[in-house]
Amino acid sequence: MSRLRLTVDLQRLGRQSGDLMVPWSDNYNPLGRYPVPVITLAGAPGPVVLILGGVHGDEFEGPSAIMRLVRYLKPEDLRGRLIMMPCANAAAFSASSRCSPLDDSNLNRAFPGDPDGSPTAMIADWLQSWMIPQCDAVIDLHSGGKASVFVPCSLPQAGINPALDDANMALATAMGLPVIWQLGAQNDDRSVNAACARAGVPCVAAELGGGGGVDPMITDMAEAGLRRVLHHLGVLGSALPLPEGANGARVVVFDPADHVMAPARGLFDRRCRAGDRVAQGDLAGWLHFPEEPARDAMPLHFPQSGLVLAHTARGLIDRAEMLALVARDVV
Ligand SMILES: [Zn+2]
């Protein structure tokens, strides 16, 4: 039984805003609750759709796109019910941090959660046990955060069962981002995608840029993608066409050895961008050692041909950091 309480009534029509109240007694807030904002828009009878942003608190494009829907959509425009949580791990969001400062936890590694656990574990449990099972679809918007930058891509999970695999792929295709990154059955089972798979609820996640800021073109893509998914689900009547280049590649992350990892601490002089097509042996960048001025720079090459899904947003990097994430085409 969850200890969390919603201050909005999910059955009520119209627009509501309130909070999911998370009880957590600490030095700052010994008797209070930490609020997680929730906005609901409910119109004519139809599907229930949960839209999550800020599962990681340093990813801002998704929350921006959600807040545009909050601003522009009216309940009377909808056939169905939208439940929007633009900063799902609100304590992490208020700290602009991937993980929550309350418990140092990553919500997308916290499922199925724990009703008696830390704040992040309690939010995961509430989503897994109570919220997600009531939904007809879930959309979970991410980006690279402060640490990395992704080519905009939708992430459907496959390998669950044929009907759910197809429903997930249909959501991803409707989103219409440049790349579909297909998650295999080996996807981390502590994620939102995995929580939805366990509940039998269709889900698509997205990666939308990153670097800890908001790119206007990517936020436009995210907003249009949300509207197309809501049209696909029958919630919104008006259709938006797919843009040129939508769903232009369908890829999987195949082998950890495909990626460019940092062999040493140094300054990464990057020579690639997210979305680049690369061939095995191409230059990914140079590693400079400004702290060791006599040491020669080291070239770093791509170990595998493919699509650069993401690169680090950092200049100074540590040994074993991921510098470029390389995906292979689905064949
Ligand atoms: Zn994320």
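Residues numbered from 1 in each chain as written. Predicted model: local features only at pLDDT ≥ 70, side-chain atom pairs only at ≥ 80, totals over all residues. Heavy atoms only, no water.

Our focus in this paragraph is the domain arrangement of the protein. Under the domain assignment, the protein is made up of domain 1 (5-251) and domain 2 (253-329). The centre of domain 1, based on its C-alpha atoms, is set 30 Å off from the matching centre of domain 2. With 14 residues of domain 1 in contact, the opposing surface of domain 2 contributes 16 residues. Summed over both partners, the interface of domain 1 with domain 2 comes to about 1000 Å²; 67% of that surface belongs to carbon and sulfur atoms. (Domains from an automatic or database assignment. Contact = heavy atoms within 4.5 Å. Buried area = accessible area lost by both parts, 1.4 Å probe.)

Using the criterion set out here, one finds 3 aromatic pairs in the structure. Ring centres of F150 and W181 lie 6.0 Å apart, and the angle between their planes is 20 degrees; this geometry places the pair in the stacked category. Remark: W181 occurs in strand β8 (residues 179-181) and F150 occurs in strand β7 (residues 148-156); sequence separation between them is 31 residues. The class of F150 is buried, set by a relative accessible area of 11%. Given a relative accessible area of 12%, W181 falls into the buried group. Over the aromatic face of F289 sits the side chain of R295, whose NZ or CZ is 3.7 Å from the ring centroid. (Phe/Tyr/Trp six-rings, centres within 6.5 Å; stacked < 30°, edge-to-face > 60°. Helix = DSSP H or I, 4+ residues; strand = E, 2+ residues; numbered from the N terminus. Buried < 20%, exposed > 50% of the residue type's maximum accessible area, 1.4 Å probe, protein only. Lys NZ or Arg CZ within 6 Å of the ring centre and 35° of its normal.)

So, on to the side chain of Q16. The topology assignment puts Q16 in strand β2 (residues 14-23). Within polar-contact distance, the side chain of Q16 engages the backbone oxygen of D9 at 2.7 Å. In contact with Q16, other than residues within four places in its own chain, are V8, D9, V38, I39 and T40. (Polar contact = N/O pair within 3.5 Å; in protein donor to acceptor, adjacent residues only side chain to side chain.)

Before going further, it helps to examine helix α3 (residues 119-131). The buried fraction of α3 is high, at 11 of 13 residues. Along α3, the positions that sit buried rather than exposed are P119, T120, A121, M122, I123, A124, D125, W126, L127, Q128 and M131. Residues of α3 that are buried in the fold lie against β1 (5-6), β2, β3 (33-42), β4 (44-53), β5 (79-85) and α5 (192-199).

Moving on, we come to the layout of surface pockets. When its volume is computed, the largest pocket comes out at roughly 980 Å³. At the level of secondary structure, the elements contributing two or more residues to the lining of the largest pocket comprise β6 (137-142), β7, β9 (203-210), β16 (306-312) and β18 (322-329). The element that contributes the greatest number of residues to the lining of the largest pocket is β18, accounting for 4 residues. Of the residues assigned to the lining of the largest pocket, the class counts are 16 nonpolar, 16 polar and 11 charged. (1 Å grid on protein atoms, 1.4 Å probe; cavity = no way out; pocket = protein on both sides within 12 Å on 5 of 7 lines; lining within 4 Å. Points joined across faces, edges and corners; volume = space filled by probe spheres on them. Nonpolar A, V, L, I, M, F, W, Y, C, P; charged D, E, K, R; others polar.)

So, about the packing of helix α4 (residues 162-175) against helix α6 (residues 216-232). Contact geometry of α4 with α6 gives a least axis separation of 7 Å together with a crossing angle of 135 degrees. Comparing their axes, α6 and α4 come out oblique. When the axes of α4 and α6 are compared, the crossing they make is right-handed. Touching A170, L171, A174 and M175 of α4 are G225, R228, V229 and H232, all from α6. Each residue belonging to the contact of α4 with α6 can be placed in one class, and the counts come to 5 nonpolar, 2 polar and 1 charged. (Axes fitted to C-alpha atoms, helices over the stretch in contact; angles between N-to-C directions. Parallel < 35°, antiparallel > 145°, perpendicular 65-115°, else oblique. Left-handed = near helix turned anticlockwise from the far one by under 90°.)

The next subject is the coordination of the zinc ion. Working reference: metal with six octahedral donors, ideal angles 90 or 180 degrees; metal with four tetrahedral donors, ideal angle 109.5 degrees. Summarising the metal site, the zinc ion is bound by the protein donors H56 (ND1), E59 (OE), E59 (OE) and H142 (ND1), whose distances to it range over 2.0 to 2.3 Å. Coordination at the zinc ion is irregular: its 4 donor atoms span angles of 57 to 152 degrees at the metal. On the primary sequence, the residues serving as donors to the zinc ion are separated as H-x2-E-x82-H. Of this pair, E59 sits in the loop between β4 and α1 (61-72) while H142 sits in strand β6; the two residues are 83 residues apart in sequence, bridging distant segments of the chain. (Donors = N, O, S within 2.8 Å, 3.2 Å for Na, K, Ca; no water. Tetrahedral: all angles 85-135°; square planar, octahedral: opposite > 155°, others 65-115°.)

Glancing now at the pairing of strand β12 (residues 266-270). The pairing of β12 with strand β17 (residues 316-317) spans 2 bridges and is antiparallel. Opposite G266, over in β17, you have I317 as the bridge partner. Pairing of β12 with strand β14 (residues 283-288) involves 4 bridges; the strand directions are antiparallel. Note on β14: the bridge partner recorded for L267 is H288. (Pairing = 2+ DSSP bridges.)

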